[in-house]
Amino acid sequence: MTQLVPVILSGGSGSRLWPLSRAMRPKQFLGVTEDASLFQLTLKRLQGITADAMRPIVVANNDHRFLVGEQCREAGVEPHSIVLEPVARNTAPAIAAAALAAQANGADPVLLVLPSDHVFANVPAFHHAVRVGLKAAEGGALVTFGIVPTHAETGYGYVKASQALDANAAVPVQQFVEKPDLATAQAYLQEGSYTWNSGMFMFKASVFLEELGKANPAMLQACQAAWTKAQKDLEFVRLDNEAFASSPSDSVDYAVMEKTSKAVVVPLDAGWNDVGAWSAVWQVLPQDGQGNATRGDVLLEGASNSYVHADSRLVALIGVDDLVVVETTDAVLVAHKDKAQDVKKVVDRLKAQKRPEADLHREVFRPWGSYDSVDSGSRFQVKRITVKPGAKLSLQMHHHRAEHWVVVSGTASVRLGDEVKLVTENESVYIPVGVTHSLENPGKVPLHLIEVQSGSYLGEDDIVRFEDLYGRV
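The sections below set out a description of the structure shown in this document.

Reading the values: rules and limits
Residues numbered from 1 in each chain as written. Predicted model: local features only at pLDDT ≥ 70, side-chain atom pairs only at ≥ 80, totals over all residues. Heavy atoms only, no water. Salt bridge = Lys/Arg side-chain N within 4 Å of Asp/Glu carboxyl O. Helix = DSSP H or I, 4+ residues; strand = E, 2+ residues; numbered from the N terminus. Buried < 20%, exposed > 50% of the residue type's maximum accessible area, 1.4 Å probe, protein only. Contact = heavy atoms within 4.5 Å. Pairing = 2+ DSSP bridges. Expected span 1.5 Å × (residues − 1). Arc of directions from axis to C-beta. Core = buried A, V, L, I, M, F, W, Y, C linked by side-chain atoms within 4.5 Å. Axes fitted to C-alpha atoms, helices over the stretch in contact; angles between N-to-C directions. Parallel < 35°, antiparallel > 145°, perpendicular 65-115°, else oblique. Left-handed = near helix turned anticlockwise from the far one by under 90°. Nonpolar A, V, L, I, M, F, W, Y, C, P; charged D, E, K, R; others polar.

Counted according to the given criterion, the structure contains 21 salt bridges. The shortest N-O distance in the salt bridge between Lys262 and Glu211 comes to 3.7 Å. Here the residue Lys262 occupies a position in the loop between α9 (252–257) and β12 (263–268), and Glu211 occupies one in helix α6 (residues 205–215), the gap between them amounting to 51 residues. Assessed through its relative accessible area of 28%, Lys262 is described here as partly exposed. Its salt-bridge partner being Asp348, residue Lys344 comes within 3.5 Å of it at the nearest N-O pair. Of this pair, Lys344 and Asp348 both sit in helix α11 (residues 343–352), four residues apart, which is roughly one turn of that helix.

Take a look at the structure:
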């Protein structure tokens, strides 16, 4: 049997789930529906899919590389490779890069291409559809998985099969169609041969690359050049920036699937949801007798059909219906549930105003741990810093600020100039402006400390790095 290699596409921005989802920590890396992230649930869903499934290839945004690595380790999964896109070029180039990575050792596996931010109520049904698709892909077909529609949906594209759908067979695709209006969607639902376009695919690496070369040779050439010139960096493979940026930007649907004669569709009825907006999150979570779904510290009095997410404090709703309320440490969203798709408009305005809330949470994750900006004012900033066991911050200095570190728990190994000393609970250390310093956690438990910065400029770009374990500059 041909080897099966899952390919997980994790480059999305998830802007419609703001303020929980931000550019630097988008929805696929968040616990949206349960404690595990959507990305980790995707990894978990691969377990038991086939007897010979290989380790997954993850295609990721360069800015998310440490998130991917850390969440794979938390899930107990060692990827085949983590391929980093230097710029976003949509799904077709991303899949081409994964196909080239899969062929690097001379193999020609079947690729199971999955977005990293979908959920399924019925995982065994998903596995069954994959096994059906595998047989077709081994025979040279390009498989798309069509979601059996439950209602007339205007927010998805559709796939029309050329014959009656069969849960145990792949049937030829007659046509890919754009998002319809309501009347057309209702006709599709009644007709019976239409499914929602899920964005999930399966094909041999060689067959996909061959079809891409026929339909879009410039894209294939750019991806091949980006792979040939790629560089290994720690556990990551960095595609060549210039070559990959020269590729046309296009989805796999437009670039290949709508143009190939080898497309087939496997119907998938597994309680699928792409969690594309807060209203979709409300749909997949358990609801109380009044139709409310909640996460976090929430009190409801006379509220109905609402979704409430409380991240850091108590949120109470009284006498309201059909609302989405999402609270984080630095932003609160209140929206009518029917307008959940319009959250992206708010994010676009934040970006236009260059506000940090579009990109960053108050708590920012780094490869060594995280920091939370607790307070700030004129010429001062206070952060709560967590350093993972064995992790180390870069050897650095600052031109404009001094720092005072107070250890709350754990033990810190602090390098200050040429001196190295251990700082333990309730002890502190002062780092003057311009002094070279680094921080390491030599222990087996997380290190927690409070950092007080003071000076004329406190921006994150006032860092001169001399040594860094993670390849940052």
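So much for the structure itself; the text now carries on.
Another point: the environment of Val364. Along the chain, the position of Val364 falls in strand β20 (residues 363–366). Under the relative-accessibility criterion, Val364 is labelled buried at 8%. The spacing of Val364 and Ala141 is 223 residues in sequence and 44 Å in space, taken between C-alpha atoms. Contacts of Val364, omitting those with residues within four sequence positions, involve Gly369, Ser370 and Tyr371.

Further remarks concern the environment of Leu300. Residue placement: Leu300 occurs in strand β15 (residues 298–301). The sequence separation of Leu300 and Trp405 amounts to 105 residues, and the corresponding C-alpha distance is 41 Å. Residues within four places of Leu300 in sequence aside, it is in contact with Asp288, Asn292, Thr294, Val308 and Leu317.

With six of six residues buried, strand β1 (residues 4–9) is to be regarded as a mostly interior element. Residue alternation in β1 divides its side chains into two sets, Leu4, Pro6 and Ile8 and Val5, Val7 and Leu9, and both sets are buried. Note: β1 against strand β4 (residues 110–115), six bridges, orientation parallel. Bridging across to β4, Pro6 finds its partner in Leu112.

Count 3.6 residues to each turn of an α-helix, and residues three or four apart come out pointing the same way. Relative to the 16 Å expected for twelve residues at 1.5 Å per residue, helix α7 (residues 217–228) spans 16 Å between its end C-alpha atoms, a close match to the ideal helical length. All of the buried residues in α7 are Met219, Leu220, Ala222, Cys223 and Ala226. An end-on view of α7 places all buried positions within 165° of arc, on one side of the element. When the buried face of α7 is taken as reference, the exposed residues oriented beyond 90 degrees from it are Gln221 and Thr228. Buried residues along α7 sit against α3 (91–102), α6, α8 (241–245) and α9.

Ranked by internal contacts, the top residues of the largest apolar core, which has 65 residues, are Leu112, Phe126, Phe145, Met200, Met202, Leu268 and Leu439. Not counting chain neighbours up to four residues away, the residues in contact with Leu439 comprise Val387, Ala391, Lys392, Leu393, Trp405, Ala412, Ser413, Val414, Leu447 and Leu449. Among the nonpolar cores identified, the runner-up in size contains 44 residues, and Leu142, Ala205, Phe244 and Val252 belong to it.

Further remarks concern the environment of Asp322. Locating Asp322 in the fold gives a position in the loop between β17 (315–318) and β18 (323–327). Residue class for Asp322 comes out partly exposed when judged on its relative accessible area of 26%. With 224 residues separating them along the chain, Asp322 and Ala98 place their C-alpha atoms 42 Å apart.

What follows deals with the sheet that holds strand β16 (residues 307–310). The strand order across the open sheet built from four strands is β14-β16-β18-β19, with neighbouring strands paired in mixed fashion. Looking at the sheet topology across the chains shown, the edges are occupied by β14 (293–295) and β19 (332–336). Pairs of neighbouring strands in the sheet enclose a mean axial angle of 5°, with direction left out of account. The pairing of β16 with β18 spans four bridges and is parallel. Its bridge partner lying in β18, Val308 is registered against Val325.

So, about unusual backbone geometry. Here Trp18 and Pro19 are connected by a cis peptide whose omega angle stands at 10°. Looking at the secondary structure, you find Pro19 in the loop between β1 and α1 (38–45). The phi angle at Asn305 is positive, at roughly 50°, despite the residue not being glycine. Along the chain, the position of Asn305 falls in the loop between β15 and β16. Note on Asn305: relative accessible area 30%, which makes it partly exposed. Of note, Arg379 is a non-glycine position whose phi angle comes to about 70°, a positive value.

Across the sheet, which stays open at both edges, the six strands sit in the order β20-β21-β22-β29-β24-β27 with antiparallel pairing between neighbours. With one partner strand each, in any of the chains shown, β20 and β27 (428–431) form the two edges of the open sheet. With direction set aside, neighbouring strand axes in the sheet form an average angle of 20°. When strand β24 (residues 401–409) meets β27, the two strands line up antiparallel, connected through four bridges. Within the sheet, the bridge partner assigned to His404 lies in β27 and is Tyr430.

Let us look at the packing of α1 against helix α2 (residues 65–75). Here α1 crosses α2 at 45°, and the two axes come no closer than 10 Å. Looking at the two axes, α1 sits oblique to α2. Here α1 and α2 pass one another in a crossing that is right-handed. Residue-level inspection shows Phe39, Gln40 and Leu43 of α1 in contact with α2, the latter providing Val68, Gln71, Cys72, Glu74 and Ala75. Residues belonging to the contact of α1 with α2 are distributed by class as follows: five nonpolar, two polar and one charged.

Here we take up the packing of α3 against α7. Close contact between α3 and α7 brings their axes to 9 Å; oriented N to C, the two are set at 50°. When the axis of α3 is compared with that of α7, the two are oblique. For the crossing formed where α3 meets α7, the hand is right-handed. Of the residues in α7, those touching α3 at Ala92, Pro93, Ala96, Ala97, Leu100 and Ala101 are Met219, Cys223, Gln224 and Trp227. Here the residues of the contact of α3 with α7 are counted per class, giving nine nonpolar, one polar and no charged.

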